[in-house]
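Coordinates in review
Each chain, letter by letter, is given below.
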Amino acid sequence: MAMGECAAVIAPTDEDLLLALRGGHAASLGILVARWEGPLYRFVSRLVDRPDDARDVCQETFLRILDKADAFRDGARFSTWMYQIALNLCRDQSRKKRRWGRLVIAEPPSGIETPREHAAPESVATNPGAAYEHTERKGAVRRALSALPREQREVLLLKEYEGLKFREIADVLGVAESTVKSRMYAGLDAMRMSLASLGIQ
């Protein structure tokens, strides 16, 4: 084949894979799981209080994706639909256990990345004092986040940690975009006040 004739291989989108899954291509689910198991666990682990529960929710989410692939709306985003399923499962589990008031924000397991905006500065690796301060700050942020009302916490997780747009979060939660913004700003204000009380800016 002459140089320039080789077309670049384009990876299928999440939506392409889901359409293939609807058409009976079972291997597509494996690709979706490989792409999303890390981000999904990271999200779920901040909404349930035990790692085992988070793993159960993730597994059930992918099983429901397989079972309900035909219900996926053409033109929708796979990630929005996936987070909606996972969030509903987290709510169901929390209602059963009545543990929202005692929620603990879990650390992601080894190998699962934290969001870029919360990554440790490079200097932390070589400065024990900075490392301690960074760890303390992360702990304070987790506690402030866990203390928020559920509606505000969900919005902040989806926006700040998962990077969804306001319109996508509105779709996930089934509320108006203005409601999403209101919850986010209220949550941010509450977190700032909580952190400020600890001397953290």
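Note that the coordinates shown come from a computational prediction; the quantities given were computed from them, not determined experimentally.

For the rest of this paragraph, the subject is the overall build of the chain. A count of helical and extended segments in the chain gives 8 helices and 0 strands. Listed N to C, the secondary structure of the chain is α-α-α-α-α-α-α-α in terms of helices and strands. Across the 201 residues in the chain, those meeting the buried criterion constitute 39%. Considering only residue pairs separated by 6 or more positions, the chain has 66% of its internal contacts joining residues 24 or more positions apart. Carbon and sulfur atoms make up 53% of the accessible area of the chain, which totals about 11,800 Å².

With that settled, the discussion passes to the pattern of salt bridges. Using the criterion set out here, one finds 13 salt bridges in the structure. Notably, a salt bridge pairs Arg-35 with Asp-14, separated by 2.8 Å at the nearest N-O pair. Remark: Asp-14 occurs in helix 1 (residues 14-22) and Arg-35 occurs in helix 2 (residues 27-44); sequence separation between them is 21 residues. Judged by its relative accessible area of 32%, Arg-35 is partly exposed. Ionic contacts of the salt-bridge type, sharing partners, join the residues Arg-91, Arg-150, Glu-151 and Glu-154 into one network.

Moving on, we get to the environment of Ser-194. When you line up the elements, Ser-194 lands in helix 8 (residues 177-196). You can call Ser-194 partly exposed: its relative accessible area is 30%. Residues Ser-194 and Arg-143, 51 residues apart in the sequence, show an inter-C-alpha distance of 9.2 Å.

Further remarks concern the confidence of the model for the chain. For the chain, per-residue confidence averages 80 on the pLDDT scale, and 74% of positions sit at 70 or higher. Between residues 99-121, whose pLDDT stays under 50, and residues either more than four places distant or in other chains, the model counts 47 contacts.

Below, the discussion takes up the packing of aromatic side chains. As enumerated under the stated definition, the model contains 4 aromatic pairs in all. Clustering of aromatic rings is evident, with ring pairs tying together Trp-36, Phe-43, Phe-78 and Tyr-83.

With 18 residues, helix 2 extends 24 Å from end C-alpha to end C-alpha; this agrees with the ideal 26 Å at 1.5 Å per step. Helix geometry: helix 2 is bent most strongly at Trp-36, by close to 50°, with proline Pro-39 lying one to four residues after it. Residues of helix 2 that are buried include every one of Ser-28, Leu-29, Leu-32, Trp-36, Gly-38, Leu-40, Tyr-41, Arg-42, Phe-43 and Val-44, and no others.

Let's shift gears to the state of the cysteines. Linking two cysteines covalently through their sulfur atoms gives a disulfide. If you walk through the whole model with that rule in mind, you get 0 disulfides. Sulfur of Cys-58: no disulfide; nearest cysteine sulfur belongs to Cys-90 and is 7.8 Å away. Taking relative accessible area as the criterion, Cys-58 reaches 8% and is therefore assigned buried.

Within the largest apolar cluster, 49 residues are counted, with the highest numbers of intra-cluster contacts made by Leu-18, Phe-43, Val-44, Ile-65, Phe-78, Tyr-83 and Leu-158. For this core, the secondary-structure elements that each account for two or more residues are helix 1, helix 2, helix 3 (51-67), helix 4 (78-97), helix 5 (128-146), helix 6 (150-161), helix 7 (166-173) and helix 8. Among the elements that take part in this core, helix 4 stands out by supplying 9 residues, more than any other.

Time to look at the side chain of Glu-154. Relative to the assigned elements, Glu-154 resides in helix 6. For Glu-154, a relative accessible area of 0% gives the class buried. Only 2.7 Å separates the side chain of Glu-154 from the side chain of Arg-91, close enough to count as a polar contact. Discounting residues that sit within four places of it in the chain, Glu-154 has contacts with Leu-47, Leu-87, Arg-91 and Leu-173.

Running from N to C, helix 6 and helix 8 cross one another at 95°; their axes reach a closest spacing of 8 Å. Taken together, helix 6 and helix 8 sit at an angle that is classed as roughly perpendicular. Residues Glu-151, Gln-152, Val-155, Leu-156, Lys-159 and Glu-160 of helix 6 form the contact with helix 8, whose participating residues are Val-180, Arg-183, Met-184, Ala-186, Gly-187, Leu-188 and Met-191. Taken together, the residues of the contact of helix 6 with helix 8 break down into 7 nonpolar, 2 polar and 4 charged.

Thresholds applied
Residues numbered from 1 in each chain as written. Predicted model: local features only at pLDDT ≥ 70, side-chain atom pairs only at ≥ 80, totals over all residues. Heavy atoms only, no water. Helix = DSSP H or I, 4+ residues; strand = E, 2+ residues; numbered from the N terminus. Buried < 20%, exposed > 50% of the residue type's maximum accessible area, 1.4 Å probe, protein only. Contact = heavy atoms within 4.5 Å. Areas by Shrake-Rupley, 256 points an atom, 1.4 Å probe, with all protein chains shown as cover. Salt bridge = Lys/Arg side-chain N within 4 Å of Asp/Glu carboxyl O. pLDDT = per-residue confidence, 0-100. Phe/Tyr/Trp six-rings, centres within 6.5 Å; stacked < 30°, edge-to-face > 60°. Expected span 1.5 Å × (residues − 1). Bend = angle between axes of the 7 residues up to and from the residue. Disulfide = S-S within 2.5 Å. Core = buried A, V, L, I, M, F, W, Y, C linked by side-chain atoms within 4.5 Å. Polar contact = N/O pair within 3.5 Å; in protein donor to acceptor, adjacent residues only side chain to side chain. Axes fitted to C-alpha atoms, helices over the stretch in contact; angles between N-to-C directions. Parallel < 35°, antiparallel > 145°, perpendicular 65-115°, else oblique. Nonpolar A, V, L, I, M, F, W, Y, C, P; charged D, E, K, R; others polar.

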